[in-house]
Protein chains: 2
Amino acid sequence: MLKNISFEAVDLHDGFWKDKYDVNRKVSIGNVYHRFEETGRFDALRFNWKEKQQKIHKFYDSDVAKWIEAVSYLITKDKDGYVEEQKIIDDIVESMEKNQLPNGYLNSYFIQVEPENIFTLRDSHELYTMGHMIEAAIAYHEATGKRRLLDVMERCMECVENAFIIEKTAKFVTDRHEEIELALIKLYDHTGNKKYLDMCMHFLDMRGQGLEDAFGTRYNDLYSQSHIPVREQFDAVGHCVRAMYLYIGMNEAAQRSKDEKLRIACERLFDDVVKKRMYVTGGLGAAKQGECFTIPYDLPNIDAYSESCAAIGLALFAHSMQKNELDSKYADIVERVMYNNMLSAVSTDGKAFFYVNPLEIHLRSVGLDTAVNDEFKRWFPRRQRLEVFNVSCCPPNVNRIIAKIGGFFFSELDDSLIVNQFGALALDNGKIKLDMKTEYPADGKIRLVGKENTYKTLLIRRPWWCREYELKGAQVIGERNGYVEVAVGESFELELDLKMQPYFVKTHPMVRYDTGRIALCYGPSVYCMEGVDNAYELNAVSISVDADIKCERAEDCVELVVKGYVDDEFDGLYCFADKPKTEATLRFRPYRMFANRGETDMLIWTRMA
Amino acid sequence: MLKNISFEAVDLHDGFWKDKYDVNRKVSIGNVYHRFEETGRFDALRFNWKEKQQKIHKFYDSDVAKWIEAVSYLITKDKDGYVEEQKIIDDIVESMEKNQLPNGYLNSYFIQVEPENIFTLRDSHELYTMGHMIEAAIAYHEATGKRRLLDVMERCMECVENAFIIEKTAKFVTDRHEEIELALIKLYDHTGNKKYLDMCMHFLDMRGQGLEDAFGTRYNDLYSQSHIPVREQFDAVGHCVRAMYLYIGMNEAAQRSKDEKLRIACERLFDDVVKKRMYVTGGLGAAKQGECFTIPYDLPNIDAYSESCAAIGLALFAHSMQKNELDSKYADIVERVMYNNMLSAVSTDGKAFFYVNPLEIHLRSVGLDTAVNDEFKRWFPRRQRLEVFNVSCCPPNVNRIIAKIGGFFFSELDDSLIVNQFGALALDNGKIKLDMKTEYPADGKIRLVGKENTYKTLLIRRPWWCREYELKGAQVIGERNGYVEVAVGESFELELDLKMQPYFVKTHPMVRYDTGRIALCYGPSVYCMEGVDNAYELNAVSISVDADIKCERAEDCVELVVKGYVDDEFDGLYCFADKPKTEATLRFRPYRMFANRGETDMLIWTRMA
């Protein structure tokens, strides 16, 4: 099995990811903190809700938990930093310790607002919030050596074990929102206590056994992946974020328990997601209703759901699957998310976030709906990012994923170092001192300088989009499952050029919304047109597959200038198809940067001329 | 103002429309009768519901009324025929006469099932069913001279006048489903009693004044065109059939009252419908929910609603608008409906009907839905026609429109005979004996032989799709608003050739579902591919605008054989757009004939190569 190399061993240089990392560190983390303070999310855990009488949500703890987790990763890379944040966290932890129930139960909402309903409602996110708090506790312990929050959560897990496994006093058998499963695996790894692996297995085994409170009125069991036992699940269904968190838990559990059925289910689910249900941006979720997967190949653009948390979940799922076998398809998916939906989720200034990431914006359509009632009015996603949401799971999820971004780059197998992602950074894991220089994703040239190297070979991912590459400074042994294998000595200098040219992709013919359309891409980045750069009805624009494309280096990205066409306006609905078109020069910019220059139209899938 | 020439003056020869007429006469009429007997629709009006204890609907009367209307038109053209049908009708009328309430009220459901709720619920279709029964009464009186049903309905209108205008005892001011308005105009024309025109005006004036029972829970006022006063309505909204019936009533009222505001509203509404909300087949209705118009240019294919009654309503609306001014755009729309959605509504054998006319069928997508609950499950229209529906408004609507099809062909203006539609038929209206020979829509050649002609000129519509034509036997004076003007003498022989070649249309760029796609047409007929002829994933097929197309005369239609391409299958969602395609020979048949050879895929809008 492969091993992923932790972000702790990776230092980002100046460059693309360092910039994102710094915006996250300097702006986003603080901004999310202040919004969460304003909305009482921290106060909830200060257990002063009664005095403040603020609105408090069942899942507030998970928002704070993800923020603590993010800060912990930053501390890990900067041991003396974040003194104020540590103070905030330590105070919160003290309050949690004080207010945790004698039996160990901990959820700020239920303790303060509905103590009578503890562990009675399956949809109340109690195990979900505990799961996120476990992830925070582990990260904070690793970062600071402080184990107080960890102790709090271990006591809390005793309460969970009693309520769900030993005394079975809980009124439901699995949480409607998965997360505890993957958290328990992390807790097992961190503490070495096998009980947590067993608890994870228990929750996985109980799922879809028909024992759940059906809760049928609003949602069915597909919604929470509770329709059949997990080992029989081969089609991705229901709420996308819940699905991703479940699949990660399943795969991590399979890796530790050697549960073949579980592993096979994960492989089938992964392929089902990426081959039938994934947006070109790495987004997931076709339907707002239930934030769900719908039918295969159902990927609407203008009313896409594509929740930020779902894309992040997919990257984490692929990152986990990557350990099962050497196959570049996993890192290809991580890359697709990293450079597209993961970054479209946050504004370039780091202050605001998308919960839903549309794949098309068409302002003229918005607000025109005359459906017979509000419930059935056509829904359009927001066109601008917000600083905080009522349900604000996405912002701190972006915080923690970017704070830990270094963990996506490398893994190892036997005597081979695997280079999964590309960026300007240094790796020092005791087995190699590796320096990677590149302008990726603006350019495909990558310089790899290794010192004190103990690996026999490098396995460098050849991205799926890379039709041609050149490697200097070492001899290529061959290609293995999408990785270029290179023999290396104790020190080496490699020059790899993943020839980066603009290219068009098309979808599988069953993606009805996109047939007859193409998406312009450059390296790992999906591109889009915005109204602010292209003063046309974007759906009137068409491009030929062999269009002339110029790359222009803008200060913030590579822009692509394309010679295309615009349909001449016509009055009415239908006209002869051979009606002439007018030539037009079109400007495309990376999708991840859309909606940063005011409200304007946006289109990825452009008509084929 | 133009005058439409009645179907009474038109005799269909052998040929396209005579075949449809005969299938309707020999099969459909009888089939609908038997289905309606089986489902108790006739028994409802025999007022023996209590004994039979059958299910009975508020709107059953309107189903029977449309059937009576259809039979009446057939009798008009065959005075000695339909003896049995007349017997059935006379018995029903006798029963209606007997059971009509003393005050004249007549609705078989409310009299038998909910007498306490007469005129209390706006959504109960009482005025709607009465309106259809008025149309039936007039048609039956004209056909047979029997005025008993007419008397019944005139008494019924006294009751309506009392309840809604004089004593105002009714609990609502306008019916949620329009129809009474246009029926009252017909009753005014037929009886010459101005009271009926005033009643029509009353219902038009009361609509959208904020006086309606809002009925807000399920539908809003847009649904029933009650959101604003009718003279201020410029955008078509809500339930499509209701909208069409209202607009017809508005336009007919405007013509008789010289109400300019009303006429202008109708013109705006007509343009809004045909320029922003009409399927290429002449269908209307984007949303199943509410059977409604949604936002402009929102014309989904696979889950189109496109109710048969709405298309018929559009043809009747255009036929009414045609009298306002000489403009071929109205007859162009009638033609679009006649050769496409009006005929797709009924099976070629005449036995079964579509309520909803999908523009695409994709069997692989059906039943795969995993939406979170049934209410939000993606809805797919039926793929096969049914003989009867729970709500079965469409079958008898097809019966009556085809029984009266001859009425669409001619109108007159001053000394000009206007030829709006083309078919093998004879016109004898006392002003001309005209014989029209043509294989239309299989061929564009039309032979017109006139005798005893008193018209000075012919105005022959040049269809919008006709780029080139040739006329022999008379000299063309010029073109007037889409009509070719020809001077003719007391007798004449013309040879008109509307050059008919296959052609592709594209949609307005804002029709998102169809951009990058083209629809193959031939003359007035929209064509489609069916799986039974094309063993491909139809969405993988692409055609170039200048594709090589062969016309093949099949026994039942002209088939079009096109050289196109099929995308090579690929695993996954996204691939390079320049991936090679395979050549394929594709067979297209008229859309009106789809789904007559078993369940199979169907596609109109084909990807552009």
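Residues numbered from 1 in each chain as written. Chains lettered and ligands numbered in written order. Predicted model: local features only at pLDDT ≥ 70, side-chain atom pairs only at ≥ 80, totals over all residues. Heavy atoms only, no water.

Chemist: What's the story with the state of the cysteines in this structure? I'm lost.
Modeler: A covalent bond bridging the sulfur atoms of two cysteines is what the word disulfide describes. Evaluated as defined, the whole model comprises zero disulfides over all chains. Cysteine Cys466(A) shares no disulfide, and the gap to the nearest cysteine sulfur, in Cys521(A), comes to 14 Å. The class for Cys466(A) is buried, based on a relative accessible area of 3%. For the unlinked cysteine Cys200(B), the closest cysteine sulfur is that of Cys266(B), found at 11 Å. Residue classification places Cys200(B) among the buried positions, given a relative accessible area of 0%. (Disulfide = S-S within 2.5 Å. Buried < 20%, exposed > 50% of the residue type's maximum accessible area, 1.4 Å probe, protein only.)

Chemist: Would you take a moment to explain the packing of helix α7 (residues 126–144) of chain B against helix α9 (residues 180–191) of chain B for this structure?
Modeler: Between two packed helices, what matters for the description is the angle formed by their axes and the separation of those axes. Residue and element names in this part refer to chain B. At a minimum axis separation of 8 Å, α7 and α9 run at an interaxial angle of 30°. Taken together, α7 and α9 sit at an angle that is classed as roughly parallel. Both α7 and α9 take part in a crossing whose hand is left-handed. Between α7 and α9, the contacting residues are Leu127, Met130, Gly131, Ile134, Glu135, Ile138, His141 and Glu142 on the first element and Ile180, Leu182, Ala183, Lys186, Leu187 and His190 on the second. Here the contact of α7 with α9 is built from residues that sort into eight nonpolar, three polar and three charged. (Axes fitted to C-alpha atoms, helices over the stretch in contact; angles between N-to-C directions. Helix = DSSP H or I, 4+ residues; strand = E, 2+ residues; numbered from the N terminus. Parallel < 35°, antiparallel > 145°, perpendicular 65-115°, else oblique. Left-handed = near helix turned anticlockwise from the far one by under 90°. Contact = heavy atoms within 4.5 Å. Nonpolar A, V, L, I, M, F, W, Y, C, P; charged D, E, K, R; others polar.)

Chemist: Help me out: how do you make sense of the side chain of Thr606(A) in this one?
Modeler: Residue and element names in this part refer to chain A. Summarising the element assignment, Thr606 is placed in strand β23 (residues 605–608). Since its relative accessible area comes to 1%, Thr606 is described here as buried. Sequence-distant contacts of Thr606, that is, excluding residues within four places in its chain, are made with Gly516, Arg517, Ile518, Met529, Val541, Ser542, Ile543 and Phe588.

Chemist: How do you make sense of the pattern of salt bridges when you look at a structure like this?
Modeler: Any two side chains of opposite charge can pair, given that their charged atoms come close. According to the stated counting rule, one finds 122 salt bridges over all chains in the structure shown. In this structure, Glu485(A) and Arg480(A) form a salt bridge, with 3.1 Å as the shortest nitrogen-oxygen distance. Its salt-bridge partner being Glu412(B), residue Lys431(B) comes within 3.1 Å of it at the nearest N-O pair. Remark: Glu412(B) occurs in strand β4 (residues 410–413) and Lys431(B) occurs in the loop between β6 (425–428) and β7 (433–438); sequence separation between them is 19 residues. You can call Lys431(B) partly exposed: its relative accessible area is 33%. The buried category is assigned to Glu412(B), whose relative accessible area is 8%. (Salt bridge = Lys/Arg side-chain N within 4 Å of Asp/Glu carboxyl O.)

Chemist: Looking at this structure, I do not really get unusual backbone geometry. What am I missing?
Modeler: Working note: non-glycine residues mostly have negative phi, and peptide bonds are mostly trans. Residue Tyr440(A) is joined to Pro441(A) through a cis peptide bond whose omega torsion reads 5°. Topologically, Pro441(A) is positioned in the loop between β7 (433–438) and β8 (445–451). If you check the backbone angles, Phe119(A) has positive phi at about 55° while not being a glycine. A positive phi angle, near 55°, is found at Phe47(B), a position not held by glycine. Take Phe47(B): it is sitting in the loop between α2 (41–46) and α3 (49–52). Assessed through its relative accessible area of 12%, Phe47(B) is described here as buried.

Chemist: Looking at this structure, how should I read the interface of chain B and chain A?
Modeler: Note on interface size: it is often stated as the accessible area lost on association of the parts. In this assembly, 76 residues from chain B lie in contact with 76 residues from chain A. Where chain B abuts chain A, roughly 6700 Å² becomes buried across the two surfaces, and 58% of that area is made up of carbon and sulfur atoms. Where chain B touches chain A, the interface holds eight salt bridges. Note that Arg467(A) is salt-bridged to Asp578(B), the shortest N-O span being 2.7 Å. Summed over the shared surface of chain B and chain A, the result is 22 residue pairs in polar contact (both at pLDDT 80 or more). Mapped by element, the contributors of at least two residues to the side of chain B that touches chain A are α12 (260–276), β14 (502–507), β15 (517–522), β20 (574–576) and β23 (605–608) of chain B. Take the side of chain B that touches chain A: its biggest share by element is five residues, from β14(B). Of the residues belonging to the side of chain B that touches chain A, the class tally is 40 nonpolar, 14 polar and 22 charged. (Buried area = accessible area lost by both parts, 1.4 Å probe. Polar contact = N/O pair within 3.5 Å; in protein donor to acceptor, adjacent residues only side chain to side chain.)

Chemist: What should I look at first to understand the packing of helix α4 (residues 60–76) of chain B against helix α5 (residues 83–99) of chain B in this one?
Modeler: Residue and element names in this part refer to chain B. Contact pair α4 / α5: the axes reach a minimum separation of 11 Å and the direction vectors enclose 140°. When the axes of α4 and α5 are compared, the pair comes out oblique. Along this stretch, α4 crosses α5, giving a crossing that reads as left-handed. Taking contact as the criterion, the partners of Trp67, Ile68, Val71 and Ile75 in α4 are, on α5, Glu85, Gln86 and Ile89. For the contact of α4 with α5, the class distribution of residues is five nonpolar, one polar and one charged.

Chemist: Whenever I open this one, the sheet that holds β4(B) confuses me. Can you help?
Modeler: Residues and elements named next belong to chain B. Spatial ordering of the open sheet is given by β1-β4-β5-β9-β12-β11, a layout of six strands whose pairing is mixed. The open sheet has two free edges, formed respectively by β1 (3–4) and β11 (476–480), since each of these has just one partner strand. Note: β1 against β4, two bridges, orientation antiparallel. In the sheet register, Lys3 faces β4, and the bridge partner there is Glu412. (Pairing = 2+ DSSP bridges.)

On their own, these measurements won't tell you what the molecule is for.
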